[in-house]
Amino acid sequence: MPAVTIRSYNPADPADLVAEAPRPGAEAVLATVDRARTAQAGWLAAGAGGRSAALTRIAEAIETHAEELAELVVREVGKPIAEARGEVARTVAIWRYNAQAPFEASGEVHETAAGPGLLLTRRRPYGVAGLITPWNFPLAIPSWKAAPALAVGNAVVLKPSSEAIGVARRLGELIAGAGLPADVLTVLPGGAAEGTALVGAADVVSFTGSTGVGRQVVRTATERGIPVQAELGGLNAAVVLPDADFDQAAAHLAGAIAGYAGQKCTATSRVVAVGAAYEPLREALVKALAAVDGTACGPVINEATRDGITAAVDSAREAGAEVLTGGTVPERDGWWLAPTLVTGVPAEHPLHREEFFGPIAVLYAAAGLDEAVAIANDTPYTLSASVHTRNLDAALTAADRLDAGMIRVNAPSSGVDFHLPFGGAKGAGHGAREQGRAALDFYTQSRTISLLPAGDA
Ligand code: NAD
């Protein structure tokens, strides 16, 4: 048995060991990919009806175990129970939605340029999809990758985050119990070594996680000449105009900054108040953040993350920034941090540039919409953005000019619909979008077939 063990702990009670698994090692990854490649042919041959039925059974199995899964998500990754239940419900919806995908048209018919015959395009799966996922949406992200990959006939090898192996293992058990043929989907625990081996062996790779790791994954996959998509970190901005409803905007922003302790790639970490919006927004937002309680916020994932955030707040304060609320560590077990808003952060401070992945945001003042857009766009990590205004022209202008993969008007920057394309702009993402039709395209390759009459013998 491999010597090294992976362990995950409860972020709200670090003495609580949630799950452990032996680290399989790179050899085991290669063997798993080989078995998946063998199983894929049978899975494709199951046809649209067979694959659709299997995906529907998976949705039902998850729904049947919804409360158990939600509680495990709370325990293993510290997600507030309401959000954990929301993630389970969304996961069921993802599998149901993709259960219809096998019946989608898989190509087109065209006229020949000259002469009789038909030109067809047909999308076919690659083989084995290697999926590498983070801990923060331990059900939804593996599912929004695996469900479309399976729907179009690929086999899947999923390497989840070590911080979420308990949830991933349970998801794998439920999928197997729903009658998916052996080796069509395998959950393989592991860390960097197993992830690297998977990128080296799979036929198509989908990664979600931090920017540094994602870039390495993209480099390796690109050198192998296989398709790769990577969804990475976000430094998402919210722009608030002077005509906004400040109480509503503050409620949305407090949720986007501190909900699930800011550990969503779409969380707001930069708030830009335009002109006269600054004072009333600042007041409303400080009040709204101070009112966020532990049940809505939750702990951050581990000690290193919490200590990194408090060190950044302390160094910003020492350099002249003003901490408007939070910045403190509550006296309780686990990795808690009070929702935090900072302003006047010196230009070169990391709080402007790095994703801290916690309940913290920086407040900026902009003279007008042009300056607000410039501040919002002043980062490579533009995954999502929000705009808060009653002015339709301003909303449309901002939606046009903000460099983000998702722009939400009068809504929090966090929040994703499971059936629409999802992904970041600039350095926040690489390659094709996830979800919806875009995912079906990503997990297949088009071939063009010319069908001409044989003619008389
Ligand atoms: P991470 O990058 O540390 O890990 C992600 C996955 O990569 C894990 O499964 C990990 O084991 C694996 N991994 C680590 N090193 C590897 C290597 N060398 N090769 C291959 N795989 C390797 O990220 P995390 O801490 O689990 O998740 C948090 C990050 O994910 C944040 O940056 C967040 O913004 C991002 N995220 C992005 C999105 C999005 O859709 N854009 C969604 C959720 C999370």
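Residues numbered from 1 in each chain as written. Predicted model: local features only at pLDDT ≥ 70, side-chain atom pairs only at ≥ 80, totals over all residues. Heavy atoms only, no water.

Draft legend 1. Main features of the domain arrangement of the protein chain. For the protein chain, the domain assignment lists domain 1 (5–232 + 428–451) and domain 2 (236–409). Taken residue by residue, the interface counts 20 residues in domain 1 and 23 residues in domain 2. Both sides of the domain 1 and domain 2 interface together cover about 1,700 Å² of buried area, and 61% of this is carbon and sulfur. Contact with domain 2 buries area across many residues of domain 1, yet Pro11, Trp135 and Ala428 alone supply 29% of it, more than any other trio. In this assembly, domain 1 and domain 2 are joined by one salt bridge. Note that Lys264 and Glu83 form a salt bridge whose closest N and O atoms lie 2.9 Å from each other. Run the count over domain 1 and domain 2 and you get seven residue pairs in polar contact (both at pLDDT 80 or more). Contributions of two or more residues to the side of domain 1 that touches domain 2 are made by β2 (13–22), α3 (66–77) and α8 (211–224). (Domains from an automatic or database assignment. Contact = heavy atoms within 4.5 Å. Buried area = accessible area lost by both parts, 1.4 Å probe. Salt bridge = Lys/Arg side-chain N within 4 Å of Asp/Glu carboxyl O. Polar contact = N/O pair within 3.5 Å; in protein donor to acceptor, adjacent residues only side chain to side chain. Helix = DSSP H or I, 4+ residues; strand = E, 2+ residues; numbered from the N terminus.)

Draft legend 2. Expanded view of the sheet that holds strand β9 (residues 228–231). Pairing is mixed across the open sheet formed by six strands, whose spatial order is β7-β6-β5-β8-β9-β19. Of all the strands in the sheet, just β7 (185–187) and β19 (429–430) have a single pairing partner and so form its edges. Direction of pairing for strand β8 (residues 204–208) relative to β9: parallel, over a ladder of four bridges. Residue pairing in the sheet places Thr208 in a bridge with Glu231 of β9. In this fold helix α7 (residues 192–201) packs onto β5 (128–132), β6 (155–159) and β8, with an angle of close to 150° to the strand it touches most, β5. (Pairing = 2+ DSSP bridges. Axes fitted to C-alpha atoms, helices over the stretch in contact; angles between N-to-C directions.)

Draft legend 3. Representation of the site of the ligand. Neighbouring residues of the ligand: 28 residues in total, closest Thr133, Ser210, Leu232, Cys265 and Glu355. Within the side chain of Glu355, a nitrogen or oxygen atom sits 2.5 Å from an oxygen atom of the ligand. If the ligand stood free it would expose 860 Å²; the protein chains cover 87% of that surface. Elements supplying a minimum of two residues to the shell around the ligand: α7, β8 and α8. Broken down by class, the residue content of the shell around the ligand amounts to 14 nonpolar, 11 polar and three charged. The residue makeup of the shell around the ligand includes at least three contributed by each of domain 1 (5–232 + 428–451) and domain 2 (236–409). (Near = heavy atom within 4 Å. Areas by Shrake-Rupley, 256 points an atom, 1.4 Å probe, with all protein chains shown as cover. Nonpolar A, V, L, I, M, F, W, Y, C, P; charged D, E, K, R; others polar.)

Draft legend 4. Geometry of the packing of aromatic side chains. As enumerated under the stated definition, the model contains five aromatic pairs in all. Ring centres 5.7 Å apart and planes at 75° place the aromatic pair Trp135 and Phe357 in the edge-to-face group. You can see Trp135 sitting in the loop between β5 and α5 (140–151) and its partner Phe357 sitting in the loop between α13 (350–353) and β14 (360–366), a full 222 residues away along the chain. In this pair, the class of Trp135 matches that of Phe357, namely buried. Between the aromatic rings of Phe442 and Tyr443, the centroid separation amounts to 4.9 Å while the plane-to-plane angle is 75°, which identifies the pairing as edge-to-face. Both residues of the pair, Phe442 and Tyr443, count as buried. Across from the ring centre of Phe137, 3.6 Å away, lies the NZ or CZ of Lys79, which sits over that ring. (Phe/Tyr/Trp six-rings, centres within 6.5 Å; stacked < 30°, edge-to-face > 60°. Buried < 20%, exposed > 50% of the residue type's maximum accessible area, 1.4 Å probe, protein only. Lys NZ or Arg CZ within 6 Å of the ring centre and 35° of its normal.)

Draft legend 5. The pattern of salt bridges, seen in detail. Counted according to the given criterion, the structure contains 22 salt bridges. For Glu322, the salt bridge identified is with Arg282, shortest N-O distance 3.6 Å. Note that Glu322 is positioned in strand β12 (residues 322–325) and Arg282 in helix α10 (residues 278–290), a separation of 40 residues in sequence. On the basis of relative accessible area, Arg282 is assigned to the partly exposed category, the value being 23%. Each of Glu104, Arg123, Arg437 and Asp441 takes part in salt bridges that share partners, so that together they form one network.

Draft legend 6. Structural detail: the packing of helix α4 (residues 81–99) against α5. Running from N to C, α4 and α5 point in directions that differ by 10°, and their axes come no closer than 9 Å. One element, α4, and the other, α5, form an angle in the roughly parallel class. Note on element contacts: α5 touches α4 through Ala140, Ser143, Trp144, Ala146, Ala147, Pro148, Leu150 and Ala151, opposite Glu87, Arg90, Thr91, Ile94, Trp95 and Asn98. Residue classes in the contact of α4 with α5 are distributed as nine nonpolar, three polar and two charged. (Parallel < 35°, antiparallel > 145°, perpendicular 65-115°, else oblique.)

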